[in-house]
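Working through the structure, step by step
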Amino acid sequence: MEELYNRLNSFPGAHFGFVMGVIAYVKQKPDRLKKVMEYLNSSDSLSKSDVILFISTQPDFFDTDTAEEQVI
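Here's a quick rundown of the structure. (Residues numbered from 1 in each chain as written. Predicted model: local features only at pLDDT ≥ 70, side-chain atom pairs only at ≥ 80, totals over all residues. Heavy atoms only, no water.)

**Examining the pattern of salt bridges**
A side chain of one charge can pair with a side chain of the opposite charge when the charged atoms of the two come close. The full count for this structure, using the stated rule, is two salt bridges. Ionic pairing is found between Arg-32 and Asp-60, a salt bridge with its closest N-O pair at 3.0 Å. Of this pair, Arg-32 sits in helix α3 (residues 30–40) while Asp-60 sits in the loop between α4 (48–56) and α5 (67–70); the two residues are 28 residues apart in sequence, bridging distant segments of the chain. For Lys-34, the salt bridge is made with Glu-38, and the minimal N-O distance between the two is 3.8 Å. In this pair, Lys-34 and Glu-38 both sit in helix α3, four residues apart, roughly one turn of the helix. A relative accessible area of 58% means that Lys-34 is categorised as exposed. (Salt bridge = Lys/Arg side-chain N within 4 Å of Asp/Glu carboxyl O. Helix = DSSP H or I, 4+ residues; strand = E, 2+ residues; numbered from the N terminus. Buried < 20%, exposed > 50% of the residue type's maximum accessible area, 1.4 Å probe, protein only.)

Here's what the structure looks like:
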């Protein structure tokens, strides 16, 4: 997780919301960390927007631990 934190903070203009949002997404399911790290390491020219787009287009983006509690 430290590697992810450091990589996210290396983006120009990285801010708390961006870093913590990605970390929160990754913490929900163990396999997400590997997938996100592979994406982050795939190119040195990624932007914060690229990362957000990548995560938000993942098939499990809307899967959360509390999804059943939110649906009434």
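**Observations concerning the nonpolar core**
Ranked by size, the top nonpolar core spans 16 residues in total, and within it Leu-4, Leu-8, Val-22, Val-36 and Leu-40 carry the most contacts. Residue assignment for this core shows that the elements contributing at least two residues are α1 (2–9), α2 (16–28), α3 and α4. Counting residues per element, this core draws most heavily on α2, at six residues. With residues up to four places along the chain from it excluded, the contact list for Val-22 reads Leu-4, Leu-8, Val-36, Val-51 and Ile-55. (Core = buried A, V, L, I, M, F, W, Y, C linked by side-chain atoms within 4.5 Å. Contact = heavy atoms within 4.5 Å.)

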